[in-house]
Amino acid sequence: MTALVDVVFPCLDEEQALPWILGRLPAGYRAIVVDNGSTDDSAAVARRHGALVVSEPRRGFGSAAHAGLLAATSPIVAFCDADGSMDPRDLERVTAPVIAGEADLVLGRRRPSGRGSWPVHARFANLALAGLIRARTGLRLHDLGPMRATDRAAMVALDLQDRRSGYPLELVLRAHRDGWRIREVDAPYRPRVGRSKVTGTVRGTLSAVSDMSRLLAAERERVGTR
Ligand SMILES: Nc1nc2c(ncn2[C@@H]2O[C@H](COP(=O)(O)OP(=O)(O)OP(=O)(O)O)[C@@H](O)[C@H]2O)c(=O)[nH]1
Ligand SMILES: [Mg+2]
């Protein structure tokens, strides 16, 4: 039976988190784990737990996410981090409005559950980002989290170009430009399994901020100063 929803899990050295994640997929959902050059046993662990494994050697969150999108075949595609910070059982929160035809893109707004799931500097950066998105687009988003769902073919047609951490932002900007109905729902956020790579590190945070600023500046250029 073909899956109704393909779930893309960008994955860089997440062997510790994968067994729990892959055991918690709702029925009718297929996991596509995109191995982004892991040096641990992520690919083998993912296969052992029933995922389709796609290999994407070009580093970068967007690179991994996009390879997963292109490998997906189901009508609906969802995205989720592979670090155990989000529970795949919550995927139905983002997919349901898309399946029901009520929204074209649904984003999971991270709601911290458990101490240390979301460092203060990251929350602050995200809030600032949400403010900038609102200024550019009028969209009342609170967060640009890692869990989201949309129509697979429509997302492929957007032809996103970012291959690093600007990918989720580019998705929202392009979708908004094309008049998509974008909705935000709550999604519990817990401490990740394993060592932090982006949010918990200065280098990761700076690189994410620089990727996103570039996209927002381009958007400002496109629509004129608002
Ligand atoms: N950082 C990073 N993550 C990648 C890459 N490719 C795939 N990923 C995966 O993308 C997801 C998000 O990365 P995270 O490292 O969790 O980023 P974050 O949630 O902002 O920050 P931390 O959880 O604190 O590390 C995880 O499942 C990673 O394994 C990459 O090139 N860099
Ligand atoms: Mg994480």
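Above this text you will find the structure in question.
Residues numbered from 1 in each chain as written. Chains lettered and ligands numbered in written order. Predicted model: local features only at pLDDT ≥ 70, side-chain atom pairs only at ≥ 80, totals over all residues. Heavy atoms only, no water.

With that out of the way, let us pick up the site of ligand 1. Taken together, 18 residues are adjacent to ligand 1, and Glu14, Asn36, Ser196, Lys197 and Thr199 come closest. Here Leu12 contributes a backbone N or O atom positioned 2.8 Å from an oxygen atom of ligand 1. In the model, an oxygen atom of ligand 1 is placed 2.8 Å from a nitrogen or oxygen of the Ala82 main chain. Across the shell around ligand 1, the residue classes break down as seven nonpolar, five polar and six charged. (Near = heavy atom within 4 Å. Polar contact = N/O pair within 3.5 Å; in protein donor to acceptor, adjacent residues only side chain to side chain. Nonpolar A, V, L, I, M, F, W, Y, C, P; charged D, E, K, R; others polar.)

Looking now at unusual backbone geometry. Residue Asp13 is not a glycine yet carries a positive backbone phi of 55°. Within the element layout of this structure, Asp13 appears in the loop between strand 1 (5-11) and helix 1 (18-22). Positive phi is not limited to glycine here, since Asp159 has a value of about 55°. (Helix = DSSP H or I, 4+ residues; strand = E, 2+ residues; numbered from the N terminus.)

Turning our eyes to something else, we now look at the nonpolar core. Soluble globular proteins: nonpolar side chains tend toward being buried together. In terms of nonpolar packing, the biggest core is built from 33 residues, with Val7, Phe9, Leu18, Leu22, Val33 and Leu91 touching the most fellow members. Looking at this core, the elements that each hand over two or more residues are strand 1, helix 1, strand 2 (29-35), helix 2 (42-48), strand 4 (76-79), helix 4 (91-99) and strand 7 (182-189). When residues of this core are assigned to their parent elements, the largest contribution, four residues, is made by strand 1. If we ignore the near neighbours within four places in the chain, the residues touching Val33 are Phe9, Cys11, Leu18, Leu22, Ala46, Ala51, Leu52, Val53 and Val54. One finds Ile32, Leu105, Val172 and Leu215 within the second-largest nonpolar core, a separate group that totals 32 residues. (Core = buried A, V, L, I, M, F, W, Y, C linked by side-chain atoms within 4.5 Å. Buried < 20%, exposed > 50% of the residue type's maximum accessible area, 1.4 Å probe, protein only. Contact = heavy atoms within 4.5 Å.)

Our next topic: the packing of aromatic side chains. Under the counting rule described, the total for this entry stands at one aromatic pair. Geometrically, the ring pair formed by Trp118 and Tyr189 is edge-to-face, given 5.5 Å between the ring centres and 70° between the ring planes. Linking Trp118 in the loop between strand 5 (105-112) and helix 5 (120-137) with Tyr189 in strand 7, this pair joins segments that are 71 residues apart in sequence. Each of the two residues, Trp118 as well as Tyr189, counts as buried. (Phe/Tyr/Trp six-rings, centres within 6.5 Å; stacked < 30°, edge-to-face > 60°.)

With that settled, the discussion passes to the pattern of salt bridges. Inspection of every chain in the model, using the stated rule, returns 16 salt bridges. One salt bridge in this structure joins Arg110 and Asp143, with 2.9 Å as the shortest N-O distance. Of this pair, Arg110 sits in strand 5 while Asp143 sits in the loop between helix 5 and strand 6 (148-151), placing them 33 residues apart in sequence. Take Arg110: its relative accessible area is 10%, and that puts it in the buried class. Measuring nitrogen to oxygen at the nearest pair gives 3.4 Å for the salt bridge that ties Glu219 to Arg177. In this pair, Glu219 sits in helix 8 (residues 202-223) while Arg177 sits in helix 7 (residues 167-177), placing the two residues 42 residues apart along the sequence. When its relative accessible area of 3% is taken as the criterion, Glu219 is described as buried. A relative accessible area of 39% means that Arg177 is categorised as partly exposed. (Salt bridge = Lys/Arg side-chain N within 4 Å of Asp/Glu carboxyl O.)

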